[in-house]
Structure formats: structure tokens, C-alpha cells
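If you want the building blocks of each chain, they are given just below.
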Amino acid sequence: MLHRPPSHSAAIGPGAVPCLALPTPAALEQRQQLGAAQAPSCGAEAFTVDPAALAGGQPRKHTQYPYVTGTSVLGITYKDGVLLASDTLGAYGSTKRYKSFERLRKVNDVCAVGASGELSDFQYIMRLLEELSDDDFCMDDGHHLKPHEVHSYLCRVLYNRRNKFDPLWNSIVVGGFYGGKPFLGTVGMIGTNYTDEHVATGFGNHLARPLMREKHRPDMSEEEATALMHECLKVCYYRDKNSINKFQLAKVTAEGVTISEPFALETDWNYKLFANPAANAPGTW
Amino acid sequence: MSGIGSGYDLSTSTFSPDGRVFQTDYAQKAVDNSGTVIGIRCKDGVVLGAEKQLISKMLESNSNRRTFPVDRHAGVACAGLAADGRAIVSRAMAEANNYKSFYGDPIPGHVLAERLATYTHLFNMYWSVRPFGVSTLLASYGKEGPHLYLVEPSGTMHRYFGTAVGKGRQGAKNEIEKLKLEEMSCREGITAVAKILHQVHDEEKGFEMELAWICEDSGRQFQRVPQQLAEEAEAAAKAARLENQEQALGKLDTSLAELRQELAAAAAELRQELAEQRKELRQELAEQSKELAEQRKELCQELAEQRKELLAAVAASEARVAAAQKPLVDLVTAAMSALADSNIQPLPHAARQEQEEAEAEACSGSDS
Amino acid sequence: MFRNQYDTDVTTWSPQGRIFQIEYAMEAVKQGSAAVGLKSKEYAVLATLKRAPSELSSYQRKVFKIDDHMGIAISGLTADGRILCRYMRNECLNHRYVYDSAMPLGRMVRQVADKAQVADKAQVGTQRSWKRPYGVGLIVAGYDEAGPHVFYNCPSGNYYDYKAFAMGARSQAAKTYLERQFESFGGASLDELVKHALHALQASLQDGELTDKNCSVAVVGKDTTFTLLEDEALAPYITGALASACYCFCRLFAGALLEDEALAPYITAVKEEEPEAAGMEAEQPAAEAEGGAAAAAGGEGEQQGGGGGGGDEGGAAPMQE
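Source: prediction; values computed, not measured.

Residue and element names in this part refer to chain B. Inspection of helix α4 (residues 169-178) places Ala172, Glu175 and Ile176 among the buried residues, and these make up the whole buried set. Buried residues along α4 cover an arc of 100° about the axis, so they all sit on one side. Summarising the geometry of α4, the exposed residues directed more than 90 degrees from the buried face are Glu177 and Lys178.

All names here are of chain B. Mapped onto the elements, glutamate 234 comes out in helix α6 (residues 227-342). Despite being buried, glutamate 234 has no salt bridge partner; lysine 238 is the closest side chain of opposite charge, sitting 4.2 Å away. Here glutamate 234 is in contact with Ala194, His198 and Met209, once residues within four sequence places are set aside.

Here we take up the pattern of salt bridges. Inspection of every chain in the model, using the stated rule, returns 43 salt bridges over all chains. Note that Arg161(A) is salt-bridged to Asp166(A), the shortest N-O span being 3.2 Å. The same class applies to Arg161(A) and to Asp166(A), which are both buried. When the shortest N-O distance is used, the salt bridge between Asp71(B) and Lys100(B) registers 3.6 Å. Highlighted residues: Asp71(B) in strand β3 (residues 67-71) and Lys100(B) in helix α2 (residues 82-103), separated in sequence by 29 residues. Across the pair, Lys100(B) and Asp71(B) agree in class, each one buried. Three or more residues joined by partner-sharing salt bridges are found here, namely Asp140(A), Lys52(B), Arg65(B), Glu208(B), Glu210(B) and Arg224(B).

A separate point is the nonpolar core. A general tendency of soluble globular proteins is for nonpolar side chains to be buried together. Val36(C), Leu38(C), Val45(C), Ile139(C), Tyr152(C), Leu178(C) and Val217(C) are the most contacted members of the largest nonpolar core, which has 53 residues in total. Setting aside residues up to four positions removed in sequence, Leu178(C) forms contacts with Met58(B), Leu38(C), Ala164(C), Phe165(C), Ala166(C), Phe185(C) and Ala200(C). Of all hydrophobic cores here, the second largest spans 30 residues; its members include Phe68(B), Val89(B), Tyr149(B) and Val151(B).

Side chains of Tyr65(A), Tyr67(A) and Tyr92(A) sit close together on the surface and give an oily, nonpolar patch of about 370 Å² of accessible area. If you trace the backbone, Tyr92(A) turns up in strand β4 (residues 90-92).

Across all of its chains, the model carries zero disulfides over all chains by this definition. In this structure Cys138(A) is a free cysteine whose sulfur lies 13 Å from that of Cys78(B), the closest cysteine sulfur available. The thiol of Cys155(A) is unpaired, and the distance to the nearest cysteine sulfur, on Cys111(A), comes to 12 Å. Exposure remark for Cys155(A): the relative accessible area of 7% places this residue in the buried category.

With that settled, the discussion passes to the interface of chain B and chain C. Contact with chain B, which involves 37 residues of that partner, is made by 36 residues of chain C. Summed over the three residues of chain B that lose the most area to chain C, namely Met58(B), Arg86(B) and Arg130(B), the buried surface amounts to 28% of that side. Here chain B and chain C share two salt bridges between them. Residue Asp114(C) is joined to Arg86(B) by a salt bridge in which the shortest nitrogen-to-oxygen separation is 2.9 Å. If you look at where chain B meets chain C, you find 10 residue pairs in polar contact (both at pLDDT 80 or more). Those elements that provide at least two residues to the side of chain B that touches chain C are α1 (22-32) and α2 of chain B. At eight residues, α2(B) tops the list of elements feeding residues into the side of chain B that touches chain C. Residues of the side of chain B that touches chain C, tallied by class, amount to 20 nonpolar, 10 polar and seven charged.

All names here are of chain C. In the predicted model, chain C carries a mean pLDDT of 77, and the fraction of residues at 70 or more is 69%. Between residues 241-256, whose pLDDT stays under 50, and residues either more than four places distant or in other chains, the model counts 39 contacts. Segment residues 273-318: pLDDT under 50, and 52 contacts once partners within four positions in sequence are set aside and those in other chains are kept. At the level of chain-chain contacts, confidence expressed as ipTM amounts to 0.78, with global pTM at 0.75.

So, about the sheet that holds strand β8 (residues 164-167) of chain C. Residue and element names in this part refer to chain C. Sheet architecture is open: five strands sit in the order β8-β1-β2-β9-β10, paired in antiparallel fashion. If you trace the sheet from one side to the other, it starts and ends with β8 and β10 (224-229), each paired once. Going from strand to strand, the sheet's axes swing by 10° on average, the running direction of each strand aside. Pairing geometry for strand β1 (residues 35-39) and β8, over four bridges, is antiparallel. Across the sheet, residue glycine 37 finds its bridge partner in β8, namely phenylalanine 165. Here helix α5 (residues 171-181) sits on the sheet in contact with β1 and β8, set at roughly 170° to β8.

A separate point is the sheet that holds strand β5 (residues 136-144) of chain C. Residue and element names in this part refer to chain C. The five strands lie next to each other as β3-β4-β5-β6-β7, forming an open sheet whose pairing is antiparallel. A strand with exactly one partner marks an edge of an open sheet, and here the two such strands are β3 (63-67) and β7 (159-162). Neighbour to neighbour, the strand axes of the sheet diverge by 25° on average, direction disregarded. As paired strands, strand β6 (residues 147-153) and β7 are joined by four bridges and run antiparallel to one another. Its bridge partner lying in β7, asparagine 153 is registered against tyrosine 159.

Let's shift gears to the UniProt feature "coiled-coil region" (unreviewed entry) in chain B. Mapped onto the present numbering, the UniProt feature "coiled-coil region" (unreviewed entry) falls on residues 242-320 of chain B. As annotated, residues 242-320 of chain B comprises 100% helix and 0% strand, and the C-alpha atoms at either end are separated by 106 Å.

Applying the stated rule across the entire model yields 22 aromatic pairs over all chains. Between Tyr237(A) and Phe247(A), the ring centres sit 6.3 Å apart and the planes meet at 85°, which makes this aromatic pair edge-to-face. One end of the pair, Tyr237(A), is in helix α7 (residues 222-239); the other, Phe247(A), is in strand β12 (residues 247-253), and 10 residues separate them in sequence. Ring centres of Phe247(A) and Phe263(A) lie 6.2 Å apart, and the angle between their planes is 50°; this geometry places the pair in the tilted category. Pair noted here: Phe247(A) is in strand β12 and Phe263(A) is in the loop between β13 (256-259) and α8 (272-275), with a separation of 16 residues, a long-range link. Put simply, the rings of Tyr237(A), Tyr238(A), Phe247(A), Phe263(A), Trp269(A), Tyr271(A) and Phe274(A) touch in pairs and so form one group of aromatic residues. One Lys or Arg, Arg156(A), reaches over the ring of Tyr97(C) and ends 4.3 Å from the middle of that ring.

This next bit is on the interface of chain A and chain B. Taken residue by residue, the interface counts 17 residues in chain A and 25 residues in chain B. Linking chain A with chain B are four salt bridges, by the criterion used here. For the salt bridge of Asp140(A) with Arg224(B), the shortest nitrogen-to-oxygen distance reads 3.2 Å. Summed over the shared surface of chain A and chain B, the number is six residue pairs in polar contact (both at pLDDT 80 or more).

Turning next to the UniProt feature "domain: Proteasome alpha-type subunits" (unreviewed entry) in chain C. Per the UniProt entry, the sites bearing "domain: Proteasome alpha-type subunits" (unreviewed entry) are residues 6-28 of chain C in this numbering. Annotated as residues 6-28 of chain C, this span is 39% helix and 0% strand, and its ends, taken at the C-alpha atoms, are 19 Å apart.

Time to look at α2(B). All names here are of chain B. A rise of 1.5 Å per residue sets the reference length of α2, with its 22 residues, at 32 Å; its end C-alpha atoms lie 31 Å apart and thus fit the reference within 8%. Here α2 lies mainly inside the structure; 17 of its 22 residues are buried. Of the residues trailing α2, glycine 104 is marked for its positive phi of about 75°.

Residue and element names in this part refer to chain C. Interhelical geometry of α5 versus helix α6 (residues 190-203) gives an angle of 140° and a closest axis separation of 7 Å. As for how α5 packs across α6, the hand of that crossing is right-handed. Counting all contacts with α5, which are made through Ala173, Ala174, Tyr177, Leu178 and Gln181, the residues of α6 involved are His196, His199, Ala200 and Ala203. Class assignment of the residues belonging to the contact of α5 with α6 gives a composition of six nonpolar, three polar and no charged.

Cut-offs and rules
Residues numbered from 1 in each chain as written. Chains lettered and ligands numbered in written order. Predicted model: local features only at pLDDT ≥ 70, side-chain atom pairs only at ≥ 80, totals over all residues. Heavy atoms only, no water. Buried < 20%, exposed > 50% of the residue type's maximum accessible area, 1.4 Å probe, protein only. Helix = DSSP H or I, 4+ residues; strand = E, 2+ residues; numbered from the N terminus. Arc of directions from axis to C-beta. Lys, Arg positive; Asp, Glu negative; His and termini not counted. Salt bridge = Lys/Arg side-chain N within 4 Å of Asp/Glu carboxyl O. Contact = heavy atoms within 4.5 Å. Core = buried A, V, L, I, M, F, W, Y, C linked by side-chain atoms within 4.5 Å. Patch = residues over 30% accessible without salt bridge, like charges linked within 9 Å, V, L, I, M, F, W, Y side chains within 5 Å. Areas by Shrake-Rupley, 256 points an atom, 1.4 Å probe, with all protein chains shown as cover. Disulfide = S-S within 2.5 Å. Buried area = accessible area lost by both parts, 1.4 Å probe. Polar contact = N/O pair within 3.5 Å; in protein donor to acceptor, adjacent residues only side chain to side chain. Nonpolar A, V, L, I, M, F, W, Y, C, P; charged D, E, K, R; others polar. pLDDT = per-residue confidence, 0-100. Pairing = 2+ DSSP bridges. Axes fitted to C-alpha atoms, helices over the stretch in contact; angles between N-to-C directions. UniProt positions renumbered as here; feature names shortened; annotations may be inferred. Phe/Tyr/Trp six-rings, centres within 6.5 Å; stacked < 30°, edge-to-face > 60°. Lys NZ or Arg CZ within 6 Å of the ring centre and 35° of its normal. Expected span 1.5 Å × (residues − 1). Left-handed = near helix turned anticlockwise from the far one by under 90°.

See below:
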């Protein structure tokens, strides 16, 4: 049969997925024989260096900085599940270019992800996850990706890409609820990852997490958790110039995944400290 | 098939003199021998149904799948070699995935069907491979609405409103033609499919049914028919089958009654005929007996006459004898009287015996 | 002379729509020694008869661990089986690496089946002229989210989800036993399950008896990683005396494959710790192989010979175990 890559082969990165140009049966086999003697006779294909990278001439350049970016994503666990939150901005540099970009997405009934960083890369990642959940659908055997599996998978993808010096420029939050337990984890563009009861990416790590550390409890009710989330979002919005007052909240519970319509929070810019922000920061202007 | 033994039927890369590729036909045979698979396109979706022979009672139920989703909006049912079927499924999944990543849209049914047909056809082109032993029913529900396609081992592809492949295809197709597919919803469709599958399943051996659909009820996603609905459909099918059997039984009963009636009529007729014959015979008999009686009378008369004659003759001869005797008697009488006159006494019997014994004793005494 | 001209190639269909090469490959499975697999609601058990090509050689392994939650028993061409075994181990490891979780059995089995048809996993092997089907049958037993599973992977590229199954030489007798009993397996304990497995195996054993040398058993299930029971660990089951110690073995040391020397220290340890259990084992040691097993066989006094089985076995090719 046509070599069908194991569903996780996407982890190895671009070029690993076979092209589906109409093959002659002989060509079908040839593909596998092209590899040198060290190619494994079964199992996944070995990782090989992209030949283009070795060709002479100019060094090959990968993404060196992101273009359209999203800012912080926040996530907390609570009594019945997890909450994820982010704004809906796709910023082109410091231009607020796309104001309705949904950065929180459902993966399947037990898992949602949110991403900051390069949004085209996030779209690519979502395509990978969609393929995986489509595969689950097609297998039709009741198995589906668990939140921790999604997290692990993303860790592998991001880490592999960074090892090729072609990173996916994202920090991702994975939230889920499975087997009666909430799951919350994050992974950065170079594959750094951890799980915690509350996580945040980017600026949120500095602006929101202190608040979370202070106020978060795993047994919070949904109302409490939502209130905490709103507070964190507001703080992030006050302090992060690359954000807008248009947020979404994703909730994953035993009932499934719901992602709210975009909403705005009431803000108050009349704080005394806002009046002269440099006053207490000598050396700035 | 005339290809057997001719040597023209050993490879897909060989045509027979009359322009056939027998290996392709043989692959089709594998499909024709497998369990029946049915597909119908109803007004709001497509229903696929497969008949699965139970090879062992230790099998888990619902295993040994015959219907497979290949994307959210499309799925297939395979008849023939299950393993070949999965190869097609893998390819279909890859095609669907590829299309989506390239065009960003789900693959339309006709494109998928065409690509599968092309792929299948490839395996009819080279000596180094064999054709798939699988016919694939493809159900899709895209922008163009619900569609049903059939891809055959030869690589031909057609769109159908309803079709069947496998062992019971002929009967199933006949039944499908009777359905009003344009007016039928998928909910009714699953029952219809279940009924047909039960109807064309001829052996007494058990089988498992697998139903899958794609319609509004399933959210335009290809999936197995929910268990409860499937069970209802199966129950209805079994009931229908039972009813059918009962109907057939009823028909038999009526025909039996008719036969009986006919028989009774025939018997009555026969009886009448018999009676008539008997009557005739009796008449004849009577006539004959009458005749006989006459004959007898005649004979009796004759006999009597003859007897009379004979008696007369006897009397005459007696008279003649008496006449002849008379001189003899006279003679004897004369002799007797003469004897009496001469006084000669005949020796009494006892005295004669004594005399004889004495003589015998004398003889034996001399001997001892 | 009549010769079947349709049976030498895996790419040739017969006029009846059959592929003889695949069917012949399925025959190869019947040449191997018997293996059975069965499951309850919580456990799956494999049991196999092992052959030794000579008195001086070791017995050929027939049960292989794939991952903590899965293992296989093979019948047919052992070398083919080992290729598939390696493939499966590789897949499971990859799955663990990528998803940090155990691979669902159904998926694994489907992948193997797709592979297996002409020696590049099953189905492909049945469709390319330069390949052949794998000449090996696999019983894949394992435990995943959906519970315990017993799958049978056939050289044809088919796979079946069974409640209980037997394959290999004279497996019909074992199948008959299983068919009579399988309805009771659902609620059976692990010990009972192993016993049933051995009974089934005994049924397919033509002559001689089950000993802890010529058979091996593996268990896997809820909270129990795939564990092979051989030699001393198996002996109590074989003798019919189901020492709880044995049960402890598979519980305590779940996760690590313990055989031969590796197992010895534990046995001594248990002997020292549990005088009763140890006593039982100490009494039996060497002699149990014959005497004990005979007693067990006598006690069970069942189906010798049994059903039709698969053809004769004769000097079965050394490749096929």
C-alpha cells in the first residue's frame, strides 16, 4: 500500500509528510528505497537533514522574527475545569492590524488551546491538530486525544522545529478536562514546557501570574475563576500596549468546550499612578 | 469465463484475444462472493449497510468493520477483501487530508471518488501488482449535497441513487428499485436497507449488520448509525422478514386450500363418473344377468327336455333289461325249484370253517 | 499433469476470486505451535506452547512484550514475527515519545494489518509481486482505555477482535475448549483466566504434558503491566496448585520481564519470607516438572487429542515455532 505516515509524523516537521502526487506503484516503493542503507526497514522514517540546507550558496534563512503576533494567553484551573483567556488582536508589529483574530481554539471535546506569538504559525499548528482529531474521527474507535497528549504532542513539534533552527514562533497554552481532572500546560517556541494550576504566556507571565499566585485556588467556583480571569485580563490590558479590550474566554469542563463571544471589560484609566507613570521610575522618561 | 487455462488470464498486463483483462474480472469475482453491501441516497443523506458473516462466536460484536469514515463529511463501505478495503480507506483518508491542506476545503465527493478510481485503476496497469479485490461505496455530503458513488476493482466509478454489491446484489438491486428514494428520509432509509439486507441474506448462518449514514441527523458527519436506531431498524427488518415468511406461509396455505378444493372437485367428479360407470355397469350387469337367466332358462328347458329324453331312454332300456332278464329269472326259478325238489342242502358256513381249520392244523403239526 | 497455475504469485487472482499465496501464508500459521489468547473484563492472557528443535537447544520464545500495556504471541515463521514485533515496539515507543501515552491497541493492530499484507506490513505484502505476505499469525493482547483486548492478526491483512482465540498446530481443540467456556471469562479472576488458558493449551497438546519448560504464559491488565510467566513462576499454575505467591510475582514485579536468573533471587526471597508458600515450592522443585504436571493433567483429565486441529506437524520446519 501507499506509505501512510503514522499520524504523529508531522512532529518531524515539514518535508516528512509524503507528497501525494499520483504515483506509479513502482514509484511508491522507490520512495522508501531512496534512503541509504541506514534507513530503517520499518517504523517511522529517520530524521534527515533537509538537503536544501546543505546545498551551497547563501545560508538558508528561516523565520528570524515574527510578523503578525498575538499577545498573552492566560489559563487557570478551577473546581470544574479550566478557563483560558486572551484578547483577539493580531498585531502587525505595533500596528493593531487584525482585531478579530480568535486565538483560543477548540481541539476536541476535552481540549482547547490558545496561542500567542506568530499567528500564521498558530494556524499551521491548528491544522496539525485538526488533522489529528480528524484521524481520531476516522478511526472511529472511541479514542481521542487527551489534553496531556495534545500538550506532549505540541512540545515535540515545537522542540523538533527549534532543533531545525526553524521554530514555530509561538507560546501555547493547552487546557483540558479529562477523567474528572483539569489539565493545564504550556509550551514555548523552543519547546520549554510545564504544567501548572495557572499559566500565562508572554507579558502575562509577568503581569497576570502574580495576581494568580495570590488569588488562585484549585477549588474556585466558576464565578470566582471568571472574576479572577477578568481582573488578570484587565491588568494585562492596562500594561500591555499590544493588546486591545476585546477578549474571549474559553471554558473546558466535563460538558465540553465552550468559547465565548468576544467581550470588552470595563476599564478605568483614572488611577493616580497612571497620571505620571515615569514619576516612580527614575531613569525612564 | 473462457480464460481459464488459456494463459491470457495470469496478469493484468495481458489482454485476451477478445479484449478482456481477466485478472480484473477475477478480482471482481472476489467482490461478488463477499457479503452484500448496499448504499442508497435518500432525500436528506446517504445510508450504507453491510452484511458481515460471523466467522466465530468468540468475535467481539461490532468488530471487523466494513464501513469507515475517511473524513468528517465522507465515508466508505467496502465489499470484498477487508484488508484491501482498508488500503483504499487509507488512501481515501490521505486524499481527503491532502485536498484539505491544499485547498483549505473538504474534498468534494466527486473528486474523492475520481481519485479513488484513478488509484484503483493503477493496480490494473502493471504486472507487478494485482487489482484490488474491493468495490467501494463512497458516501459524501458536501456543498453539492449528499452523493453516493461506487468504485469498482477495474477503476470505474459511477454515481448512484442506490446500488448493491456482493453476494446478494441482484436481489438487493431489485428491492432498491422498488424504493421511492426521492421521498425517503435517511431514518426510513436505514430501515429499508436493514430489511433488504435481511431479505437477501439467504443462509441460515447468523450475520451482523453494519449501518452507517451521513445526513442532517448525523450533523452531516459520516458515522455509524446510532446503536438504538440500528437496533430498531434491525428489529423492523427481522419483523418484516418474519412477516414475509408468514405471508409466504399464508400464500402457501391459500394455495393449499385451493389445491384441496380442486382436489375435492376432482374427487367429486371422479365419484360421479364412477357412479355413472357403476350404474352403467350395473345396467349392463343386469342385462347380462337377464340374458344369462334367459340362457339358463333355455338351458334348463333344454336340460329338462334332455333329461326327459334320457329318462325315457332309461325307462326304455330298463324295460328292455327287464325283458331280457325275464327268461333268466324264469330259468333260475326253475333251477331253484328243481334244486328244492332234489333236496340238496348247501353246507352251512360254520361247518365249512371248522373243516378248513382242522386241515390247517394237520399240516402245521407234521412240520414241528 | 495438472498444476494450479494461479497459486505461485501473490499478484495473481484465481478465476474464483481467490489469492492462493495468501491462503498458503495462512497455512504457515498452522505449522507453528499453538498459542491462545483470552480475556476477562480486566485482564488479557496469552499462553503458548514452545518447541525446542533439539534436546540440547533452548525453547523458542513465542511471546514478546511490545510495551508495558501490550504483548504478542506468534505462530508461524518466527523471523517474520520478529520483524512485526520490532515494528510494533517501534510504533509504541514513538507513540510514547510523541504523546506521552500508551498506544491504543486497536490502532496498533490496524497499522500492523495494513503493513502485514506482502511483508511490508500485511496488506502491502499481499499486493506487490516482489513481496510476500508475512507467514505469521499474531495474537495481540493488551490493555488500554477501552479495557483488555485480544486481537488476531492474520497474514491476509485481516485482523479480528476476539473474546478468546487460539491459533497454530491443532489449535482447533483449544478453540473448542474456548468456545465452550468463553462466556464465563468475563468475570473470571486472573488466576482462573490463566487456568483456562492452560486448559485450552493442554487440549491442543498432542502428546506429552504441559511443563513449565514447554509453555509460557503472559498476563496484562488493569494495573498490571505485561508480564511473562515462565519456568518457576509458571510452575504453580501448571501443577494446578495456584500458589498465591505466583500471583504476587506478577503483581509485584509487574513492569519488568523476569525470567531465569533474573527471577531466581525473588523466588529465594519469597521462599524465605513465606515458609508455607516456600515449602510448597521447595518440595516440588525439579520433580514437579514431571510428577506435578502429570497430576495436573490427570486431575483435569480432559480432551486429549480433541478436534481436527491443523494438519500433521511432523518435523515442522525449524523456522516455525
